[in-house]
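Structure assessment
Spelled out, the chains give:
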Amino acid sequence: MVKDTPAYEFKERDVYILRELAKNSSISSRDLAEILEDEYGIDVSYVTVNESIRNMREAGVFREAIVPNEEYFIFELFEFKFNPEYFADEWRETMEHIRDDEHTLMYFLSDGEYQWKSIMLFPTREHGERWLHEFYKNHGKTVLNVRTSVMTNVLEFGASPELFDYLDGDDDYQF
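Below is a summary of the structure that appears in this document. As the structure is a computational prediction, the values presented were derived from the model and not from experiment. (Residues numbered from 1 in each chain as written. Predicted model: local features only at pLDDT ≥ 70, side-chain atom pairs only at ≥ 80, totals over all residues. Heavy atoms only, no water.)

Next up on the list: the overall build of the protein chain. Of regular secondary structure, the protein chain possesses five helices and four strands. Along the protein chain, helices and strands appear, N-terminal first, in the series α-α-α-β-α-β-β-α-β. Its C-alpha atoms give the protein chain a radius of gyration of 21 Å, more than 25% over the compact-globule value 16 Å for 175 residues. Within the protein chain, the proportion of its 175 residues that are buried is 32%. Within the protein chain, contacts between residues separated by at least 24 positions form 65% of all contacts whose residues are at least 6 apart in sequence. Carbon and sulfur atoms form 47% of the exposed surface of the protein chain, whose accessible area is close to 12200 Å². (Helix = DSSP H or I, 4+ residues; strand = E, 2+ residues; numbered from the N terminus. Rg over C-alpha atoms; globule rule 2.2 N^0.38 Å. Buried < 20%, exposed > 50% of the residue type's maximum accessible area, 1.4 Å probe, protein only. Contact = heavy atoms within 4.5 Å. Areas by Shrake-Rupley, 256 points an atom, 1.4 Å probe, with all protein chains shown as cover.)

Another aspect to go through is the nonpolar core. Counting residues in each nonpolar core, the largest one holds 17 residues, and the members touching the most others are I17, L21, L32, L36, V49 and I53. Among the elements of the structure, helix 1 (12-23), helix 2 (29-40) and helix 3 (46-59) are those that each provide at least two residues to this core. Here this core takes five residues from helix 1, the largest share from any one element. Excluding its chain neighbours within four sequence positions, the residues that come into contact with L36 are R13, Y16, I17, G41, I42, V44 and V49. Counting residues in hydrophobic clusters, the runner-up holds 13 residues, among them F78, M120, L132 and F135. (Core = buried A, V, L, I, M, F, W, Y, C linked by side-chain atoms within 4.5 Å.)

The next point concerns a negative patch on the surface. A cluster of like negative charges, contributed by D31, E34, E37, D38, E39 and D43, occupies part of the molecular surface. Within the fold, E37 resides in helix 2. Take E37: its relative accessible area is 43%, and that puts it in the partly exposed class. (Patch = residues over 30% accessible without salt bridge, like charges linked within 9 Å, V, L, I, M, F, W, Y side chains within 5 Å. Salt bridge = Lys/Arg side-chain N within 4 Å of Asp/Glu carboxyl O. Lys, Arg positive; Asp, Glu negative; His and termini not counted. Charge placed at Lys NZ, Arg CZ, Asp CG, Glu CD.)

Following the criterion strictly, the structure yields 13 salt bridges and no others. Note that R54 and E58 form a salt bridge whose closest N and O atoms lie 3.9 Å from each other. Taken together, the residues R54 and E58, both in helix 3 and four residues apart, mark about one turn of the helix. Taking the relative accessible area as the measure of exposure, E58 reaches 59% and is therefore exposed. Where K137 meets E134, a salt bridge forms, and the shortest distance between an N and an O atom there is 3.1 Å. With K137 and E134 both in helix 5 (residues 125-139) and three residues apart, the pair spans about one turn of that helix. Residue class for K137 comes out exposed when judged on its relative accessible area of 54%. Judged by its relative accessible area of 37%, E134 falls in the partly exposed class.

Let us look at the sheet that holds strand 3 (residues 115-122). On the basis of which strands lie adjacent, the open sheet formed by four strands has the order 2-3-1-4 and antiparallel pairing. Of all the strands in the sheet, just strand 2 (104-110) and strand 4 (143-151) have a single pairing partner and so form its edges. Neighbour to neighbour, the strand axes of the sheet diverge by 20 degrees on average, direction disregarded. In this structure, strand 1 (residues 74-82) lies alongside strand 4, joined through seven bridges in antiparallel fashion. Looking at the pairing, K81 lines up with L144 of strand 4. (Pairing = 2+ DSSP bridges. Axes fitted to C-alpha atoms, helices over the stretch in contact; angles between N-to-C directions.)

A few words on the layout of surface pockets. The computed volume of the largest pocket comes to approximately 2000 Å³. In terms of lining residues, the largest pocket is bounded by 43 residues, among which F62, R63, E64, A65 and M106 are the most central. Those elements that place two or more of their residues in the lining of the largest pocket are helix 1, helix 3 and strand 2. Here the lining of the largest pocket gets six residues from one element, more than from any other, and that element is strand 2. Of the residues in the lining of the largest pocket, the class split is 30 nonpolar, six polar and seven charged. (1 Å grid on protein atoms, 1.4 Å probe; cavity = no way out; pocket = protein on both sides within 12 Å on 5 of 7 lines; lining within 4 Å. Points joined across faces, edges and corners; volume = space filled by probe spheres on them. Nonpolar A, V, L, I, M, F, W, Y, C, P; charged D, E, K, R; others polar.)

Written out as structure tokens, the structure reads:
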């Protein structure tokens, strides 16, 4: 779990490409080339657009994942701390169990109380409860402060295109 910042030097068109991909991730390179010219005055071929997308993908500028529509699954936030008493012998197995579980969409640490968190997907609320019961049976002594929250009424799902404006190196934040 190493955090590597991508080594990538953004061209102005790359930021616009990311913005447009955030609006419509399935847009074609040809359509992107047209938008770049029509809306931003940047005249490039679709081959160049395609190459920019490939280069950014290979550099790790963005990640691609299939995230199901929230209507198909229960999205649940799962939080815990490791129990120091059993940490040395048991932490890796517990961490890998959650990381590699088919229900885990995202797994991360947060600051503050140093909580481990994951966003899990379950087909039903009952399925999530059974998963948690089995997790406790197998790893309960390893964790403390376990909390789960079902995410309801998801109001936004995706990155706003304007977010990519910060990649141009201009740190002026407009409120």
